[in-house]
Amino acid sequence: MREHEETDPAQDDIEVVTRAVLTASRLLVAVSARSLATVEESITLPQFRMLVVLSTRGPSKLVALADHLGVKPSTAMRMVDRLIGSGLMDRRTNPANRRETVLRLTEEGNRVVQDVTSRRRTEITAILRRLDSAQRSALVEALDAFNSAGQEPAFGNADLGPHPLGWSDWADGGTQ
C-alpha cells in the first residue's frame, strides 16, 4: 500500500469543473423556477415547456409536439387539454390538410411565455452585472466551448427574440 496515492490531474480537473457546472445549473434552475412562480399555480413546468416549444416552433401537430417534449402523445394530449382549457392554446384545422389538427398558442399563451422569459432574462442580467468585464468574457468563452462540446448550436443575436430556452434548431416554424 502506498503512503500517498497518486491521482490523475486531469480527473481532478474534471471533478472541479463538473462541480462548478452543477452549481451553475442549480442556479439557472432556481432562476427558471422563480421566473415561472407568477404562473406556477396555473401552469406546471412541463406545460410551460410545451408553450415554449409552440412559441419557438409555431403551430404543430400533437405527435410532433409530444416527440419534441419526449413524452407519449397521450400525455401531451392531457397537457394540451389543460392548456386549451386555460386559454393558452387552441386547436385549428391544418389548412394544408383538413384531416389534421394543429396546435398553437393563443395571444395569452404568447404573453405568458414572453413574461416568464423576460423575468428570467432580467434576473440573469442582474447576476452577470456582478461580474467584471474580464469575467464575463471568460464566461462567454467557457460556455461557448461547453455548448460546442455538447453539440448545442450557437445562440446568436438573431435568436434573441421568441426563443427563450434556445432550441434554435426548432425555430424554423411551420407544422410537422
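Structure's up top.
Residues numbered from 1 in each chain as written. Predicted model: local features only at pLDDT ≥ 70, side-chain atom pairs only at ≥ 80, totals over all residues. Heavy atoms only, no water.

Student: Looking at this model, I keep getting lost on the pairing of strand 1 (residues 89-94). Mind explaining?
Tutor: Both faces of the sheet carry side chains from a regular strand, because those side chains alternate between them. Bridge analysis of strand 1 against strand 2 (residues 97-105) gives six bridges, and the strand direction is antiparallel. Considered in strand 2, the bridge of T93 is made with T101. Hairpin remark: strand 1 followed by strand 2, antiparallel, with two residues in the connecting loop. (Pairing = 2+ DSSP bridges. Helix = DSSP H or I, 4+ residues; strand = E, 2+ residues; numbered from the N terminus.)

Student: Please explain the pattern of salt bridges as it appears in this structure.
Tutor: Opposite charge on two side chains permits them to pair, given that their charged atoms come into close proximity. What the rule picks out here adds up to seven salt bridges. The salt bridge involving R91 is made with D81; its shortest N-O contact spans 2.5 Å. Of this pair, R91 sits in strand 1 while D81 sits in helix 4 (residues 73-85); the two residues are ten residues apart in sequence, bridging distant segments of the chain. According to the relative accessible area criterion, R91 is partly exposed, its value standing at 37%. The partly exposed category is assigned to D81, whose relative accessible area is 39%. The salt bridge involving D90 is made with R92; its shortest N-O contact spans 3.3 Å. Take D90: its relative accessible area is 15%, and that puts it in the buried class. (Salt bridge = Lys/Arg side-chain N within 4 Å of Asp/Glu carboxyl O. Buried < 20%, exposed > 50% of the residue type's maximum accessible area, 1.4 Å probe, protein only.)

Student: I would appreciate a short explanation of the nonpolar core in the present structure.
Tutor: The nonpolar side chains of a soluble globular protein tend to be buried with one another. Counting 24 residues, the largest nonpolar core has F48, M50, L51, L65, M89 and V112 as the members making the most contacts within it. For this core, the secondary-structure elements that each account for two or more residues are helix 2 (45-57), helix 3 (62-69), helix 4, strand 2 and helix 5 (107-129). Of the residues forming this core, the biggest block, six residues, is contributed by helix 2. Filtering out sequence-adjacent residues up to four positions away, L51 remains in contact with I43, L83, L88, M89, L105, V112 and V113. (Core = buried A, V, L, I, M, F, W, Y, C linked by side-chain atoms within 4.5 Å. Contact = heavy atoms within 4.5 Å.)

Student: Explanation requested: helix 6 (residues 133-149) in the structure shown.
Tutor: One turn of the α-helix equals 3.6 residues, which is why residues spaced by three or four share an orientation. The terminal C-alpha atoms of helix 6 lie 24 Å apart, and with 17 residues this matches the ideal 24 Å at 1.5 Å per residue to within 8%. At the N-terminal end of helix 6, a side-chain oxygen is found 3.1 Å from the backbone nitrogen of A134, two or three residues along, and the residue is D132. (Expected span 1.5 Å × (residues − 1). Polar contact = N/O pair within 3.5 Å; in protein donor to acceptor, adjacent residues only side chain to side chain.)

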